[in-house]
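Structure assessment
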Amino acid sequence: MDRFVPVKIALGQKPLGIWGSLQAARNNVLSLIPEIATRQPIVSGKVGVRWHMVMDPTALRRILRDNLQNYPKSTVTKELLRPAIGESLFIAEGAHWKWQRQAAAPVFTHRNISNLAPIMTRAAAAATERIAQHTGRAVDLYSEMMDTTFDVISDVTFSNSDGFDRKELFKMIDTYIDSTAKVSILDILGAPSWVPRPSRAMIGSDIRRIKSIADRAIASHKANKHGEAADLLDLLEAGEDPDTKRRMTRQELRDNLLAFIVAGHETTALTLSWALYLLSHDKDAQNRARDEINAATGDRPIGAEHLDKLPFVRAVIDEALRLYPPAAFVSRTALGPDRLCDRDVTAGDTVMLPFYALHRSHLYWNDPDNFRPQRFMKPNKIERFTYLPFGDGPRICIGASFALQEAVIILATLLKRFAFTAVAGKNPEPVMILTLRPKGGVWVHVDKI
Ligand code: HEM
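About the criteria used
Residues numbered from 1 in each chain as written. Predicted model: local features only at pLDDT ≥ 70, side-chain atom pairs only at ≥ 80, totals over all residues. Helix = DSSP H or I, 4+ residues; strand = E, 2+ residues; numbered from the N terminus. Buried ≥ 20, exposed ≤ 12 C-beta atoms within 10 Å, placed from the backbone. Contact = placed C-beta atoms within 7 Å. Near = placed C-beta within 6 Å. Nonpolar A, V, L, I, M, F, W, Y, C, P; charged D, E, K, R; others polar. Expected span 1.5 Å × (residues − 1). Axes fitted to C-alpha atoms, helices over the stretch in contact; angles between N-to-C directions. Parallel < 35°, antiparallel > 145°, perpendicular 65-115°, else oblique. Left-handed = near helix turned anticlockwise from the far one by under 90°. Core = buried A, V, L, I, M, F, W, Y, C linked by C-beta atoms within 7 Å. Pairing = 2+ DSSP bridges.

Scanning the protein from N- to C-terminus turns up 16 helices and 11 strands. The buried share among the 449 residues of the protein stands at 47%. Counting only contacts in the protein whose residues sit at least 6 apart along the sequence, the fraction spanning at least 24 positions is 75%.

In structure tokens, the structure reads:
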């Protein structure tokens, strides 16, 4: 049998600036990345503004950590997301970011995340029941995973909210992400927001609707007596600025909860979908994971207490995040002059961090385009700043441990009940819109074990 090579994006053969690659980028932002970005530490150019794509671990450390204040998030990301999630933690800079980050930190402690595991176990069981209705044929696991991770995020954000129309919120948030997600090359290169874009489709009234659903959910949550473990809203309400003791206003709470939903729901669904796609092509890895799961959990449902005993399942997730990082590309704007990889950066330059290319770089990875989860069985062998699915430095993803716990619980639960087999000729196409999505879905043949 031919060796399985996971689907990949045809990266540009010529550097950015060539008309053809601009055209290609309209459909897939990642095709902006030239192939040489997987063989060089930095690629620079000029299309209107000067830009740099940085794949060098030392330079990445400088951008994300040591000289962070010189590299705020680019206006693109902020302008796309601000209408829905306001000046929340995801978007804010400087002091306004810092106090929100400190106030939110306790929400994501190891203990609090472990306490939320039963919600993830329950959502995994519900997914199993749904998928069991369709065994013996091909199922779109991407769509299933979107439902499953939405169950988790809506339960952990608004666990006690009566009358909260979760289906409507789900639909509206996905439509919002879709409509904002069509990032054009103009956006990436930092053209001002008044330049007309083809796709700013979602209108103000839809965004107001999202906010009003969230506001109602918060109000009803307050009115209801609290149930089991403290949810994210309880924890965020209790969070305070360590210096001033200020707590979040109702609007700040809402913006941050919506930020958690927008940043956490689709990204985790993508991780699981790509992991299932990879496993469906690799029976050995699938069997190894299943043996590990059965040995660790017997016939008990999978919960937080099993995580340490599932290193291979975790390695599969890590490897899926390497090959298909949901946030495949983030951008910064340089505030002042700097030097990266012996190259001058001037104020206003766009600095792109293409994690997709970093994770497939021949400089830092052996056999970079292949699925080899065992490379993560010794995580301390992975050089810092060569693997950045969650970013790094002070602005590293606040939900990383939450997402990893959720992904391992759901993947392990599914592997225990089902065998997954690739469907010939039905490969997903990796397309980066705002996130790296499997275009066409992840259709996999599912059998009961
Ligand atoms: C596999 C799933 C996830 C991936 C791949 C992911 C990836 C990322 C990345 C790369 C960043 C940094 C962006 C940048 O530096 O420009 C980020 C930030 C962030 N993520 Fe995640 N994320 C995931 C899940 C989550 C979850 C579950 C939540 C919340 C429940 C969340 C909330 C956030 C927030 C609030 C930030 C902004 C943090 C700050 O700026 O201080 N993410 N995420």
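Having seen it, we continue.
A few words now on the site of the ligand. Taken together, 23 residues surround the ligand, and among them G264, T267, G391, C397 and G399 come closest. At the level of elements, α12 (250-280) and α16 (400-417) are the ones that each hand at least two residues to the shell around the ligand. Looking at which element gives the most residues to the shell around the ligand, the answer is α12, with seven residues. Among the residues forming the shell around the ligand, the class breakdown is 14 nonpolar, six polar and three charged.

On to α12. Relative to the 45 Å expected for 31 residues at 1.5 Å per residue, α12 spans 45 Å between its end C-alpha atoms, a close match to the ideal helical length. Counting buried positions along α12 gives 29 out of 31 residues, so the element sits mostly inside the fold.

Geometry of a packed helix pair, given as the angle between the helix axes and the separation of the axes. Viewed as axis vectors pointing N to C, helix α10 (residues 204-223) and α12 meet at an angle of 110°, and their least axial separation amounts to 10 Å. With respect to α12, the axis of α10 lies roughly perpendicular. Judged by the sense of rotation from one axis to the other, the crossing of α10 with α12 is right-handed. Here I210, K211, A214, D215 and I218 of α10 come into contact with α12, specifically with R250, L253, R254, L257 and L258. Partitioning the contact of α10 with α12 into residue classes produces six nonpolar, no polar and four charged.

Further remarks concern the nonpolar core. As a rule of thumb, soluble globular proteins bury nonpolar side chains together. Counting residues in hydrophobic clusters, the biggest one holds 134 residues, and the most contacted among them are V262, A275, V313, V316, I317, L411 and V444. In terms of residue count, α12 provides more of this core than any other element does, 17 residues in total.

This part covers the sheet that holds strand β4 (residues 330-333). Taking strand neighbours across the sheet as the criterion, the four strands line up as β1-β2-β7-β4 in an open arrangement whose pairing is mixed. Looking at which strands have only one partner, the edges of the open sheet turn out to be β1 (42-47) and β4. Across this sheet, the average inter-strand angle for adjacent strands is 20°, counted without regard to direction. Relative to strand β7 (residues 350-353), β4 runs antiparallel, the two being bridged by four bridges. By the bridge assignment, R332 is partnered in β7 with V351.

Let's shift gears to the pairing of strand β8 (residues 418-422). On β8, burial follows the alternation: F418, F420 and A422 on one face are buried, whereas A419 and T421 on the facing-out side are not. Here β8 runs beside strand β11 (residues 443-448); their pairing, made up of five bridges, is antiparallel. Within β11, the position partnered with A419 by the bridge is D447.

Turning our eyes to something else, we now look at the environment of I113. Note on placement: I113 falls in helix α5 (residues 110-115). Sequence spacing of I113 and A403 is 290 residues, and the spatial spacing of their C-alpha atoms is 9.7 Å. The residues contacting I113, other than those within four sequence positions of it, are F108, S401, F402 and Q405.

If you walk across this open sheet you meet the three strands as β3-β11-β8, and the pairing is antiparallel. Bordering the open sheet on either side are β3 (137-140) and β8, each of which pairs with just one other strand. Geometrically, the sheet is characterised by an average inter-axis angle of 45° between neighbouring strands, direction not taken into account. Note: β3 against β11, four bridges, orientation antiparallel. Residue pairing for β11: V139 is matched across the bridge by V444.

At a minimum axis distance of 9 Å, the contact between helix α6 (residues 117-132) and α16 shows a crossing angle of 35°. Crossing of α6 over α16 shows right-handed handedness. Residue-level contacts link A117, M120, T121, A124, A125, A127 and T128 of α6 to Q405, E406, I409, I410, T413, L414 and R417 of α16. Taken together, the residues that form the contact of α6 with α16 break down as eight nonpolar, four polar and two charged.

A few words on the pairing of strand β10 (residues 436-439). Summarising the sheet, strand β9 (residues 429-432) and β10 pair through four bridges and their orientation is antiparallel. Note on β10: the bridge partner recorded for M432 is L436. Taken together, β9 and the strand that follows it, β10, pair antiparallel across an intervening segment of three residues.

As for its position among the elements, A403 is in helix α16. The class for A403 is buried, based on 25 C-beta atoms found within 10 Å. The spatial distance from the C-alpha of A403 to the C-alpha of T271 is 9.1 Å, given a sequence separation of 132 residues. Among all residues touching A403, those that are not within four sequence positions of it are G264, T267, T268 and T271.

Look at helix α14 (residues 311-323): 18 Å from first C-alpha to last across 13 residues, which is about the 18 Å you get at 1.5 Å a residue. With respect to burial, α14 is a largely interior element, 12 of its 13 residues being buried. Buried residues in α14 make contact with α12, α13 (283-297), α15 (355-359) and α16.

The residue C341 is not glycine, and still its phi comes out positive at about 50°. As for its position among the elements, C341 is in the loop between β5 (338-340) and β6 (343-345). We classify C341 as partly exposed; it has 16 C-beta atoms within 10 Å. A positive phi is found at D367, a non-glycine position, where the angle reads about 50°.

Nothing here speaks to function; it is all geometry.
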